[in-house]
Structure formats: structure tokens, C-alpha cells
Amino acid sequence: MSPNRTTLRRAGTVTALTAAGLLAAAGVASAHVTVHPESYAKGATDGVLTFRVPNEEDTAGTTKVQVFLPTDHPVLGVLVSPQDGWTAKVTNTKLKTPVRTDDGTITDAVSEVTWTGGKIDPGHYEDFNVAFGQLPEDTDQLTFKTLQTYSDGKTVRWIEEASGGEEPENPAPVLKLAAKAAEESSDAAASTASSKSSASSESKASASDSTARGLGVAGLVVGVLGLAAAAFAVLRGRSTGSRNA
């Protein structure tokens, strides 16, 4: 085998191994427990949070999922959606600082939801839905620490928070909370842009109509002048003929 072919083969092998390593790393990174959507507006009401739990093990199934809700910035009015094959247990906790709402003062909130009885097989995932009445307004994000227990007794603790811009090995699901003003400004800007676009379209349409009407009138004037000239020519011809006779 020539040196060139040997070099090419080695380069191809290294490239393939590197690509495989990157794909494997991407697969591991994407198999975290996550919350969807990734963001909500601060103080949002009547929404749903979906916790997606993938199975990372090759020989064991997920048999228990525990999601811990923050109580320093509580999620109010939590309701759990029935899940086929799973039984949900909701734990309430008395709040250190009661929350005042339009419906009164809230003194306790859900601090944990635990699902058991079901199973997530290797290579599969499960979505667990939690409805809420209202999200807090006094924080930029909510962290939902989660424990995932497998049939072989192993428990993965998705509780780590990002620090210094680097993603931890077992990150906790995080929900970003966006400022209302930013969203309202965005909506207002979109509405203004739409209005300007509409006004611009109407202006162009009006200008186009005016131009068309102007051309139409000009055409009629030209036509009338042409008929007048033809009539004048005919009359003049007849007059000249009469004189010659």
C-alpha cells in the first residue's frame, strides 16, 4: 500500500472516531431532564409546564420521577395531569413568606410532585405535565431540581445549577422568566410596524389609483382631441370641394 493511501486511511479513521465521539457526547448532553417551554412571562397565569424525562440507561427502566418546585418563589395553583400507568403524589409546604394575590393570601404551595408505578424503557422518554395558576413575578428564573430513579436502584440527581457559563454534568431543569414590559413593548412594536405597513400599502394603493385615473383622463382628452381634429379635417375637405365645384 502506498504511503499516500496509508495516510488517507489513517486520516479517515481519526475523522470517523472524532465524529463518533462528538455524536456520543451530543447524545449524552441532550438526554437531560428538561422543562418546556423554556421560558414564560413573569406572573404568567393558567399555563402548563412539561417535564421531559429521557431514559439514559441501557439495561434499566425509569420507575420514579421526583420534581421539586421552589418555595422561595412559589408556583401557585399547581395541578397534575393524569398520566397513563403513573400515580402522582403532590406534596404541599407552608410558605415562609405568604403570597398576596387578587384572590387572597396564599400561605402554602406545592413543593414536590412524585410519579411512581410507571416505567420509561431504555431509548424512550416520558412527558409529565403540570398546570399552574400563576408564576412568580419577583425572579428571572425557576429551578426545578429533579431525581430520576431506575429499576436497578440507581438514582440520578438532576440538581446542579450552571456556573460561569458552563453546563454542569447533571443540570437541573430551568425555566426562564421574561419581563412583561419587554413582551408588551415587542407586541406594541409589532402592532406599530403592522399599522405602518398597512398605511404604506394603502398610500401606495391610493397613489396607484390616482395615477391610473390620471392616465385614464389623459387618454380620454387625447381621444376627444383626435376626434375633433378628424371632424375638422372632414369639414374642411367638404368646404374645399364645394368651392372647386
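The structure under discussion appears in the preceding block.
Cut-offs used in this document
- What you see as residue numbers is a count from 1 along each chain, following the sequence as written.
- Side-chain atom pairs in this predicted model are given and counted only at pLDDT of 80 or more, local residue features only at pLDDT of at least 70, and totals for whole chains, interfaces and linings cover all residues.
- Excluded from the side-chain calculations are hydrogens and water; all other atoms, namely the structure's heavy atoms, are used.
- Note on conventions: DSSP H or I runs of at least 4 residues are helices, E runs of at least 2 residues are strands, and numbering of each starts at the N terminus.
- Method for areas: the Shrake-Rupley scheme with a 1.4 Å probe, in which residue coverage is limited to the protein chains shown.
- Put simply, two rings from Phe, Tyr or Trp (the six-membered ring, in Trp's case) pair if the centres are within 6.5 Å, and we call them stacked under 30 degrees between planes, edge-to-face over 60, tilted for the rest.
- Residue exposure (1.4 Å probe, protein chains only): buried if accessible area is under 20% of the type maximum, exposed if over 50%, otherwise partly exposed.
- Contacts are assigned to residue pairs that have any heavy atoms within 4.5 Å of one another.
- In this description, a nonpolar core means a group of buried Ala, Val, Leu, Ile, Met, Phe, Trp, Tyr and Cys residues linked to one another through side-chain atoms lying within 4.5 Å.

K.L.:
Explain the overall build of the protein chain to me, please; I cannot follow it from the model alone.
P.N.:
In terms of regular secondary structure, the protein chain is built from 2 helices and 12 strands. In the protein chain, the succession of helices and strands from N to C terminus is α-β-β-β-β-β-β-β-β-β-β-β-β-α. About 16000 Å² of surface is accessible on the protein chain, with carbon and sulfur atoms providing 54% of the total.

K.L.:
Looking at this structure, how should I read the packing of aromatic side chains?
P.N.:
To describe a pair of aromatic rings, you give the distance between the ring centres and the angle between the ring planes. As enumerated under the stated definition, the model contains 4 aromatic pairs in all. Pairing tyrosine 40 with phenylalanine 132 gives two aromatic rings, centres 5.2 Å apart and planes at 90 degrees, and the pair type is edge-to-face. Separated by 92 residues along the polypeptide, tyrosine 40 in strand 2 (residues 39-41) and phenylalanine 132 in strand 8 (residues 125-134) bring together distant segments of the chain. Overall, the relative accessible area of 4% leaves phenylalanine 132 in the buried class. With a centroid separation of 5.2 Å and an interplanar angle of 85 degrees, the aromatic rings of tryptophan 86 and phenylalanine 128 are classed as edge-to-face. Residue tryptophan 86 is located in the loop between strand 5 (79-80) and strand 6 (87-101), and its partner phenylalanine 128 is located in strand 8; the two are separated by 42 residues in the primary sequence. Using a relative accessible area of 8% as the deciding quantity, one classes tryptophan 86 as buried. Through pairs of rings, three or more aromatic residues link up here, namely Trp86, Trp115 and Phe128.

K.L.:
For this particular structure, what's the right way to read unusual backbone geometry?
P.N.:
As a rule of thumb, non-glycine residues mostly have phi less than zero, and peptide bonds are mostly trans rather than cis. With an omega of 0 degrees, the peptide bond between histidine 36 and proline 37 qualifies as cis. Mapped onto the elements, proline 37 comes out in the loop between strand 1 (34-36) and strand 2. One non-glycine residue with positive phi stands out, namely aspartate 46, at about 50 degrees. For aspartate 46, the location among the structural elements is in strand 3 (residues 45-54).

K.L.:
Help me understand the environment of valine 113, please; the structure alone is not making it clear to me.
P.N.:
Relative to the assigned elements, valine 113 resides in strand 7 (residues 104-120). With a relative accessible area of 1%, valine 113 lands in the buried category. Residues valine 113 and lysine 89, 24 residues apart in the sequence, show an inter-C-alpha distance of 5.7 Å. When sequence neighbours within four positions are dropped, the list of residues in contact with valine 113 reads Val65, Gln66, Val67, Leu69, Val80 and Lys89.

K.L.:
What exactly am I supposed to notice about the nonpolar core here?
P.N.:
One recurring pattern in soluble globular proteins: nonpolar side chains tend to sit buried together. Judged by nonpolar contacts, the single largest core of 28 residues is most densely connected at Leu69, Val75, Trp115, Leu135, Phe144 and Leu175. Those elements giving two or more residues to this core turn out to be strand 3, strand 4 (62-68), strand 7, strand 8, strand 11 (155-158) and strand 12 (174-178). Contacts of leucine 135, omitting those with residues within four sequence positions, involve Tyr40, Ala41, Gly43, Ala44, Val75, Leu142, Leu175 and Leu177.

The values are spatial; any link to function lies outside them.
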